[in-house]
Structures are given as structure tokens and as C-alpha cells.
Amino acid sequence: MKRRTMLKPIPDAPERKNKPLKGKGKGNLPRKIKQPSKSAIKRKAWDAFSKFIRTRDCLRTTGCPDWGLCSTCHKRYHIKLLQAGHFIPGRRNANLFSEKGCHAQCYNCNINLRGNTLEYRRQIIEMYGEGYDEILEKEAKEIKKYSFEGLTELVKYYKIAVEKLVADSKEG
């Protein structure tokens, strides 16, 4: 068996400083900031929209921005345990950001009961009137495309809307 020996540093070798390596022919130009993808912006828009829906429904049902009732089973949950559940399943572009087609739901109603559609339909009719469930169904069949700029504007809009909802609830 051969013995392994530890490598010894070479005494005359210059120390290497932590300088960034130069790219091939790029010189010392600063790197471009990578713009987020459209799917990343769409995810941010969804996160902001979901927070808006849950905050809106918490304030509507309990008057508190941190606790709310599930719109279908009417049980009380913390905002972090609520989800933004769609009346029309599928989360397609046409109904993805529909404020009247999306409400706070608990995990059980939204996932396990697949939206608890019968009770959800009753709640939609009670909130918005007879026939509004059919309007949402027609709206879901439309083709809607979001641009990068449009999604960026949605992120800004819903973040401001959440701040306004919370500020308004503290005032009155």
C-alpha cells in the first residue's frame, strides 16, 4: 500500500487574490441584471392577488386583517391558513385574477372538497345576486393573455390595495 502524503505549499508561488475572472473578450464590463421571467412575475402577481383576496375577506367577515371565515364552511382561520379559492376551477388566465370569482377558503374546502362547489355557488348568488354564477362561467371561457408589463402592474396594484385595506381597517 502506498502512503498518501499531504501536499505542501510551494514557497515561491504568488498568492492568488480573490479577483473575478475575466470573461472571454468581455473585459471588465458590469454584468447585466437578469430580468425575471414572465412566469416568475405571474407568480408574484398571484401572490399579491392572493394576499389581497384573503385580506379583503378577513376584513369583510371578521373585521380583523389577521383572522377570517372560510367563504364556504364559515369556520374561522388565521389568514395564513386561508387560500384564495376560485369559483371556476382551473386557474386559467380568464379567471385567474377575477376578484368576484375568488374568495378566501380553508384548505379542506379548496383542496380536499375541490372547492366545495355547491356551497360556493350558493355563496356567490348570495353575495352578488341571482345569475352572477353564470356570468363568472361565461367570463372563464374568454381568452385572456397577460403581458409582462401588465403582470408587473398587477403586482404593484394589489400590493397597494392590501396596504390600503389594512390602513382603512385601522382607521375605522
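Below is a short write-up of the structure. (Residues numbered from 1 in each chain as written. Predicted model: local features only at pLDDT ≥ 70, side-chain atom pairs only at ≥ 80, totals over all residues. Heavy atoms only, no water.)

Examining the side chain of Gln-105
Link 1 in the chain: Relative to the helices and strands, Gln-105 is located in strand E4 (residues 102–106).
Link 2 in the chain: Given the relative accessible area of 0%, Gln-105 is considered buried.
Link 3 in the chain: Among all residues touching Gln-105, those that are not within four sequence positions of it are Cys-70, Ser-71, Thr-72, Leu-81, Leu-82, Gln-83, Gly-85, Asn-110, Gly-115 and Tyr-120. (Helix = DSSP H or I, 4+ residues; strand = E, 2+ residues; numbered from the N terminus. Buried < 20%, exposed > 50% of the residue type's maximum accessible area, 1.4 Å probe, protein only. Contact = heavy atoms within 4.5 Å.)

Side note on the packing of aromatic side chains
The description of an aromatic ring pair uses the distance of the two centres, along with the angle that the planes make with each other.
Link 1 in the chain: This structure, assessed with the given rule, holds eight aromatic pairs.
Link 2 in the chain: With centroids separated by 5.2 Å and ring planes inclined at 45 degrees, the aromatic side chains of Phe-52 and Tyr-158 adopt a geometry described as tilted. On the criterion of sequence distance, the pair formed by Phe-52 in helix H1 (residues 38–61) and Tyr-158 in helix H6 (residues 148–171) is long-range, its members being 106 residues apart.
Link 3 in the chain: Look at Phe-97 and Tyr-146: their rings are 5.4 Å apart centre to centre, the planes differ by 85 degrees, and that puts the pair in the edge-to-face class. Within this pair, whereas Phe-97 is found in the loop between helix H2 (93–96) and E4, its partner Tyr-146 is found in the loop between helix H5 (132–140) and H6, the two being separated by 49 residues in sequence.
Link 4 in the chain: Residue classification places Phe-97 among the buried residues on the basis of a relative accessible area of 9%.
Link 5 in the chain: Its relative accessible area of 14% is what places Tyr-146 among the buried residues.
Link 6 in the chain: Through a chain of ring-to-ring contacts, the aromatic side chains of Trp-46, Phe-49, Phe-52, Phe-97, Tyr-146, Tyr-157 and Tyr-158 assemble into a single cluster. (Phe/Tyr/Trp six-rings, centres within 6.5 Å; stacked < 30°, edge-to-face > 60°.)

Topic: the pattern of salt bridges
Link 1 in the chain: If you walk through the whole model with that rule in mind, you get seven salt bridges.
Link 2 in the chain: Here Arg-43 and Asp-47 are joined by a salt bridge, their closest N and O atoms 3.3 Å apart. Here the residue Arg-43 and the residue Asp-47 both occupy positions in helix H1, the gap between them amounting to four residues, near one helical turn.
Link 3 in the chain: Note that Glu-119 and Arg-122 form a salt bridge whose closest N and O atoms lie 3.4 Å from each other. Pair noted here: Glu-119 and Arg-122 are both in helix H4 (residues 117–128), with a separation of three residues, about one helical turn.
Link 4 in the chain: Accessibility expressed as a relative area gives 48% for Arg-122, which makes it partly exposed. (Salt bridge = Lys/Arg side-chain N within 4 Å of Asp/Glu carboxyl O.)

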